[in-house]
Amino acid sequence: MGDQDQYRDVFITEAQELTASLETDLVELEGEARDPELINRIFRAAHTMKSSAAMFGFPQIAELTHSMESVLDRVRDGVLAIDAEVVNTLLEALDVLRLLVDDATEGNDTDHGDRLRPLCQRLRAVAEAVAGGGPSEAAPEAAPAEGEAAAGTTYRVHMALNEDVFFQGTNPMLLLDELATLGEVEEVCCDTSRLPELEELDPLKLYLAWDVTLRAEASLEQVEEVFLFCRDDGDIRVERAGADTGRGGEAAGGESAARDGGEPPAAAGPAQE
Amino acid sequence: MKRTKKGELNLPRSLTVDRAEGLHRDLKAVAEDGGPLVFQGDRVEQADAAGLQLLVATRALARATGRPFGIARPSGALRDALQLAGLADLLEEEG
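Residues numbered from 1 in each chain as written. Chains lettered and ligands numbered in written order. Predicted model: local features only at pLDDT ≥ 70, side-chain atom pairs only at ≥ 80, totals over all residues. Heavy atoms only, no water.

Asks: Explain the overall build of chain B here, please?
Replies: Scanning chain B for helices and strands turns up three helices and five strands. The buried share of chain B, taken over its 95 residues, is 54%. Long-range pairs, those at least 24 residues apart, make up 77% of the contacts in chain B with a sequence separation of at least 6. (Helix = DSSP H or I, 4+ residues; strand = E, 2+ residues; numbered from the N terminus. Buried < 20%, exposed > 50% of the residue type's maximum accessible area, 1.4 Å probe, protein only. Contact = heavy atoms within 4.5 Å.)

Asks: Please explain the overall build of chain A as it appears in this structure.
Replies: When you go through chain A residue by residue, the secondary structure sums to seven helices and five strands. Along chain A, helices and strands appear, N-terminal first, in the series α-α-α-α-α-β-α-β-β-α-β-β. Per-residue burial for chain A yields a buried fraction of 50% across its 273 residues. Within chain A, contacts between residues at least 6 apart in sequence are counted, and of these 77% link residues at least 24 apart. Of the roughly 12,300 Å² of accessible surface on chain A, 46% is carried by carbon and sulfur atoms. (Areas by Shrake-Rupley, 256 points an atom, 1.4 Å probe, with all protein chains shown as cover.)

Asks: Explain the side chain of Asn 171 of chain A to me, please; I cannot follow it from the model alone.
Replies: Mapped onto the elements, Asn 171 of chain A comes out in the loop between β1 (153-161) and α6 (172-182). On the basis of relative accessibility, which here comes to 10%, the residue Asn 171 of chain A falls in the buried class. Within the local environment of Asn 171 of chain A, its side chain forms a polar contact with the backbone nitrogen of Met 173 of chain A, the two atoms lying 2.9 Å apart. Those residues in contact with Asn 171 of chain A, other than ones at most four positions away along the chain, are Met 55 of chain A together with Asp 48 of chain B. (Polar contact = N/O pair within 3.5 Å; in protein donor to acceptor, adjacent residues only side chain to side chain.)

Asks: Help me out: how do you make sense of the sheet that holds strand β5 (residues 69-72) of chain B in this one?
Replies: Sheets are built from strands paired through backbone hydrogen bonds, the pairs being either parallel or antiparallel. Residues and elements named next belong to chain B. If you walk across this open sheet you meet the three strands as β1-β3-β5, and the pairing is parallel. Taken across any chain shown, the strands that pair with only one partner, and hence form the sheet edges, are β1 (9-10) and β5. Pairing of strand β3 (residues 37-40) with β5 involves four bridges; the strand directions are parallel. In the strand pairing of β5, Phe 39 is matched with Ile 71. Packed on one face of the sheet, helix α2 (residues 49-64) meets β3 and β5 and runs near 135 degrees to β5. (Pairing = 2+ DSSP bridges. Axes fitted to C-alpha atoms, helices over the stretch in contact; angles between N-to-C directions.)

Asks: Looking at this structure, how should I read the packing of helix α3 (residues 59-76) of chain A against helix α4 (residues 84-106) of chain A?
Replies: Helix packing for two helices is described by the angle between their axes and how far apart those axes are. All names here are of chain A. The interhelical angle for the contact between α3 and α4, taken along N-to-C directions, is 160 degrees, at an axis separation of 10 Å. As judged from the angle between their axes, α3 and α4 are roughly antiparallel. Crossing handedness for the pair α3 and α4: left-handed. Contact residues: Gln 60, Ile 61, Leu 64, Thr 65, Met 68, Val 71 and Leu 72 in α3; Val 86, Leu 90, Ala 93, Val 96, Leu 97, Leu 100, Val 101 and Ala 104 in α4. Broken down by class, the residue content of the contact of α3 with α4 amounts to 13 nonpolar, two polar and no charged. (Parallel < 35°, antiparallel > 145°, perpendicular 65-115°, else oblique. Left-handed = near helix turned anticlockwise from the far one by under 90°. Nonpolar A, V, L, I, M, F, W, Y, C, P; charged D, E, K, R; others polar.)

Asks: Whenever I open this one, the interface of chain A and chain B confuses me. Can you help?
Replies: Many structure descriptions define interface size as the accessible area lost when the parts assemble. Contact residues are listed per partner, giving 28 residues for chain A and 29 residues for chain B. For the pair chain A and chain B, the interface holds zero salt bridges. Every element with two or more residues in the side of chain A that touches chain B is listed here: α1 (3-30), α2 (36-56), α6 and β2 (183-191) of chain A. Examining the composition of the side of chain A that touches chain B, we find that four residues originate from one element, α6 of chain A, more than from any other. Of the residues in the side of chain A that touches chain B, the class split is 19 nonpolar, four polar and five charged. (Salt bridge = Lys/Arg side-chain N within 4 Å of Asp/Glu carboxyl O.)

Asks: Please explain the packing of aromatic side chains as it appears in this structure.
Replies: For any two aromatic rings, the description comes down to two numbers: the centre-to-centre distance and the angle of the planes. Residue and element names in this part refer to chain A. Applying the stated criterion to the full structure yields two aromatic pairs over all chains. For the pair Phe 11 and Phe 58, a centre-to-centre distance of 4.7 Å together with 20 degrees between the ring planes defines the contact as stacked. With a gap of 47 residues between them, Phe 11 in helix α1 and Phe 58 in the loop between α2 and α3 connect regions that are remote in the sequence. Stacked on the ring of Phe 43, the Lys or Arg Arg 76 has its end atom at 3.8 Å from the ring centre. (Phe/Tyr/Trp six-rings, centres within 6.5 Å; stacked < 30°, edge-to-face > 60°. Lys NZ or Arg CZ within 6 Å of the ring centre and 35° of its normal.)

Asks: Please clarify how the pattern of salt bridges should be interpreted in this entry.
Replies: Should their charged atoms come close, side chains of opposite charge can pair. All names here are of chain A. This structure, assessed with the given rule, holds 14 salt bridges over all chains. With a closest N to O distance of 2.6 Å, Glu 225 and Arg 44 form a salt bridge. With Glu 225 in the loop between α7 (220-224) and β4 (234-240) and Arg 44 in helix α2, this pair connects stretches of sequence that are 181 residues apart. Like Arg 44, Glu 225 is buried.

Asks: Looking at this structure, how should I read the confidence of the model for chain A?
Replies: Caution is warranted with low-pLDDT regions, since their predicted coordinates should not be read in detail. Residue and element names in this part refer to chain A. Of all residues in chain A, 77% attain a pLDDT of 70 or more, and the chain-wide mean is 78. Low pLDDT, under 50, characterises residues 131-150; the stretch is placed with 38 contacts to residues that sit more than four places away or in other chains. Taken as a whole, residues 243-273 scores under 50 in pLDDT and shows 62 contacts with residues more than four places along the chain or in a different chain. (pLDDT = per-residue confidence, 0-100.)

Asks: Mind showing me how you'd approach unusual backbone geometry here?
Replies: Generally, phi is negative for residues other than glycine and the peptide bonds are trans, each holding for most cases. In this structure, Arg 73 of chain B is a non-glycine residue whose phi angle is positive, near 45 degrees. Looking at the element boundaries, Arg 73 of chain B is found in the loop between β5 and α3 (76-84).

Asks: Got a minute to help me understand the nonpolar core in this structure?
Replies: In summary, soluble globular proteins display a tendency toward joint burial of nonpolar side chains. Formed by 107 residues in total, the largest nonpolar core has its most connected members in Ile 61, Leu 64, Trp 210 and Phe 227 of chain A together with Leu 52 of chain B. Tallying contributions element by element places α4 of chain A first for this core, with 11 residues. Counting only domains with at least three residues in this core, you end up with domain 1 (3-128) and domain 2 (153-272) of chain A. Those residues in contact with Phe 227 of chain A, other than ones at most four positions away along the chain, are Val 157, Met 159, Leu 175, Leu 179, Ile 236 and Val 238 of chain A. (Core = buried A, V, L, I, M, F, W, Y, C linked by side-chain atoms within 4.5 Å. Domains from an automatic or database assignment.)

Okay, here's the thing in structure tokens:
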């Protein structure tokens, strides 16, 4: 099996899991659940699938999830109300998504454009129908939980994933990208101290780790949800900085959540640079 | 990976984990010729952590051996990826 086949398989496994998760969550949405956490979870599943599908060469899945994401983004922003049309269109999209993932699983390159194109047009129409309409009463808001700073909260995120995460289908860049969708990334520090010399390194292992300072109108739990599918794949910590702690300030000793899953990162040796 | 007439090296379109083994081989090969490690990045369409860490390791090698390192004409995709990963300083190196 070549490198590419190996990673396509990892993508397919992830896509199957995300499709199942979407199914559960969309059924819950159909049941008139209006939980912002639920909306965020659905959005991130679609966003993750879109990015991974584009990277691993599944353009039909990428196109469909991109269109779904545009609807969910409007819902998340409180611009679009969840009504029967929204839910039914998303459920129809899920049906086609399941078909596309099945095709990918079986290695079929069937062109579903006849079904896909009108569906994506409908999704875009649903997303754009209310442009300029202002927030709807029925739309949930991804608002910070009570007690969170309304103007945004500063979070410090430490992400030191295990070396073998590529084989788990985890893409650190997508996680960084997802964090960026939550708010403003004030600082990203990449720790290269675990990186071996070029001659010695294994190109299929991850040696980089990150510390991100994020300012977002999101709860601690919402930031943690970015790592929903990899919380056991390394040393991942999300910590709320003090409300008045600005860029480069001291880490707050307040509420935090450690996600020490697998092995801790190897002791940092001398930096290569 | 071949050197241009100016001695630069063309980075491939994909600096991603599914191409990382081939890229690693290419970088080790060009590192052996002792020339400058200056790349052209205008063709890069996608880059992930696996690809970027190879560039970081190549820069470390260049520094350790006193050779020039740089990435000329980075594509938007490469620039965005480096920015996202907190590695934009790779673009500040002068060949």
